[in-house]
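What the coordinates show
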Amino acid sequence: MILFVVESPTKIKTLQKFLKEGFIFRATFGHIRDLPKVKLGIDLNTFKPTLEWLSNKRKVLSEIKKIGSQVKEVYLATDPDREGEAIAYHFYEYLSKIKPELKFKRLDLIEITENGLKKALSNLREINPYLYQSWLTRRVLDRLIGYLISPQLSKNFKKSLSAGRVQSVALRLIVEREREIENFVPEKSYSLEIKLKKDSTEILAGLYYKNKLYKTKNKEKLIKFFKEKLSKDFITLEKIEERIEKKNPPLPLKTTTLIEISQKFLGYEPKQTMYYAQRLYENGYITYMRTDSVRVSEYAKKLAKEFIELYFGRKFVAQKINIKKNRFVQDAHECIRPTDIYREDVPLSEPEKKLYKLIRSFFIASQMVPAEYLLRTYIFTHKNLEKDYIFKSTYRKLIFEGFLKIFRNQEEENEFVDLRIKETFEVSEWRIKEHITEPPSRYTSSTLIKKLESMGIGRPSTYATLLDILYKRKYVIKEKSYLKPTELGKEVCEFLAKRFPKFLDYKFTSQMEGDLEEIAENKKTYQEIVSFNYEILKNYLEKS
């Protein structure tokens, strides 16, 4: 018999459909070992962490201990990320001490399907000690920064407050955006728009200079320009320009883009999205949902090609998809996609159904060709217009749906107006359009996460819960769907920036993520990264 260890009972139900004999399944219900809850748990001289077996997992461990005596081999199929590697490592630690002769194998379940299971079982591996060390380094750094900086905050503000390695940097982004908005001074400018008429045909055109919409801060100048040069006169269509414009399909989904589109289309918060996605993954309907990669397996590409050709035709199938790789991407496993592209619905809750359909639609679209538009531009001239000044009107018409076939009724387009070169038009109406510059928008939860990812800060496994502590400590509130810092949040950010500047520095925090990646690749060690960061922290604390 083989003991098959996963993290949730839902996974077990799915796996038992494919593995019926020779296996005993057990769930860990998350981590089984961690740093202590009420003390630092790290020796500040040696940086050796004190990890404790979690008291709420005694029943799980007791049962595993009994089963361990009955089996010869253990398959550790916890999640295929560093958190999962840590759980697998701790299970190995626990059981190998009880029964040293036990054999352990690690497997990566990217999708909980028959095909995914076969692939995982044919690629059994050893527990990766460097992935574990990377997890441990992150956990220890988070603990050091949180436990040693937070008391300084609480002392200064005379209330229980907290700081965090990624949380505080996220707060800085929110606060800095708010300052940009507060300091923003709107600027007004004006442009000229005319309505041209000939018989029953009417068309709007704007005044352009060197192919850019002409704007000026002098409204009276435009009024004078029109009255002196254009009123009571005709305008001639000088030229018609046409070109094809392509609109590319979305890239395959990763954690941040899944969070983004589910907030945009379904109104889900990041934590909701990741909970529903976890359920879809554990039931075998999508691939693993914590990923920074948009890579698609060859097997999935082949099935997608067959599906698109069958339902839409060969001309809708993308032949090659070029993806520019971000330097922060770990690319440990592929994108988020349906495990069966032909499955249209899932027998789960309504929110989970909606998320599944969204994931499926975006994946199919990502494997299709671009949509094509015909852009037609009418260029009008007048004898009184100086060099490089023209009136212009552009129309866009969808001529090939491409991937938009999946997203019907979501695109609006202008109907073409058929005109002939050298036709003349009467100026029937005119108006001065006012343009007011707008401040940058506040972050939403999804745009904040997207920003952090672009800076190389945080990981897919931490994004969903990132904002919880900011809300809990009342550093940030939500106005509609936007994040607004409270006065306390601003003051905390200012305090941290003055007293612990490195730990609020974007590049420094991003470099920490790079260091964790290098530990996973056996290029750096736990000891050097923890000691380096602690020395910086210690210097700040000594000055406090």
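Residues numbered from 1 in each chain as written. Predicted model: local features only at pLDDT ≥ 70, side-chain atom pairs only at ≥ 80, totals over all residues. Heavy atoms only, no water.

1. Looking at empty space enclosed by the protein
Over the atoms a probe the size of a water molecule is rolled, and this reveals where empty space is left. The full count for this structure, using the stated rule, is 3 cavities of 30 Å³ or more. Size it by volume and the second largest cavity reaches roughly 50 Å³. As for the second largest cavity, its lining consists of Tyr299, Ala300, Leu303, Ala304, Arg337, Pro338, Thr339, Asp340, Ile341 and Phe363. With 4 residues, helix H10 (residues 298–311) is the largest single contributor of residues to the lining of the second largest cavity. Each residue belonging to the lining of the second largest cavity can be placed in one class, and the counts come to 7 nonpolar, 1 polar and 2 charged. (1 Å grid on protein atoms, 1.4 Å probe; cavity = no way out; pocket = protein on both sides within 12 Å on 5 of 7 lines; lining within 4 Å. Points joined across faces, edges and corners; volume = space filled by probe spheres on them. Helix = DSSP H or I, 4+ residues; strand = E, 2+ residues; numbered from the N terminus. Nonpolar A, V, L, I, M, F, W, Y, C, P; charged D, E, K, R; others polar.)

2. Quick notes on helix H4 (residues 114–121)
Taken as a whole, H4 has its buried residues at Gly116, Leu117 and Ala120. Projected onto a plane normal to the axis of H4, the buried residues spread over an arc of 100 degrees and lie on a single side. Facing away from the buried side of H4 by more than 90 degrees, the exposed set consists of Lys118 and Lys119. Where H4 is buried, its residues touch strand S1 (2–6) and helix H1 (9–15). (Buried < 20%, exposed > 50% of the residue type's maximum accessible area, 1.4 Å probe, protein only. Arc of directions from axis to C-beta. Contact = heavy atoms within 4.5 Å.)

3. Structural notes on the layout of surface pockets
Approximately 1,800 Å³ is the volume attributed to the largest pocket. Around the largest pocket sit 46 residues that line it, and Glu83, Arg139, Ser461, Thr462 and Thr465 are the ones nearest its centre. Of all elements in the fold, only strand S4 (52–53), helix H3 (82–98), helix H5 (129–157), helix H9 (270–282) and helix H13 (460–463) reach the threshold of two or more residues within the lining of the largest pocket. No other element matches H5, which puts 7 residues into the lining of the largest pocket.

4. Some details on helix H8 (residues 255–266)
Its 12 residues give H8 an end-to-end C-alpha distance of 16 Å, which sits within 8% of 16 Å, the value for a rise of 1.5 Å per residue. Among all positions in H8, only Thr255, Thr256, Leu258, Ile259, Ile261, Ser262 and Gln263 are buried. Where H8 is buried, its residues touch H9, helix H11 (350–366), helix H12 (445–454) and H13. Of the residues flanking the end of H8, it is Gly267, one or two places downstream, whose phi is positive at about 75 degrees. (Expected span 1.5 Å × (residues − 1).)

5. Brief notes about the sheet that holds strand S5 (residues 73–76)
If you walk across this open sheet you meet the 4 strands as S2-S1-S5-S6, and the pairing is parallel. Among the strands making up the open sheet, the edge pair consists of strand S2 (23–27) and strand S6 (103–106). Taken pair by pair, the neighbouring strands of this sheet meet at an average axis angle of 20 degrees, ignoring direction. Note: S1 against S5, 4 bridges, orientation parallel. Looking at the pairing, Leu3 lines up with Val74 of S5. This element, helix H2 (residues 58–68), spans S1 and S2 of the sheet and lies at about 165 degrees to S2. (Pairing = 2+ DSSP bridges. Axes fitted to C-alpha atoms, helices over the stretch in contact; angles between N-to-C directions.)

6. Describing the packing of aromatic side chains
Where two aromatic rings form a pair, the distance of their centres and the angle of their planes describe that pair. Per the stated rule, a full pass over the model turns up 31 aromatic pairs. Plain terms: the ring middles of Tyr132 and Trp135 are 5.7 Å apart, the flat faces sit at 25 degrees to each other, and that makes the pair stacked. Of this pair, Tyr132 and Trp135 both sit in helix H5, 3 residues apart, which is roughly one turn of that helix. Take Tyr132 and Trp135: they sit in the same class, and that class is buried. One aromatic cluster is present, built from ring pairs that chain together Tyr89, Tyr92, Phe104, Tyr132 and Trp135. One Lys or Arg, Arg172, reaches over the ring of Tyr506 and ends 3.9 Å from the middle of that ring. (Phe/Tyr/Trp six-rings, centres within 6.5 Å; stacked < 30°, edge-to-face > 60°. Lys NZ or Arg CZ within 6 Å of the ring centre and 35° of its normal.)

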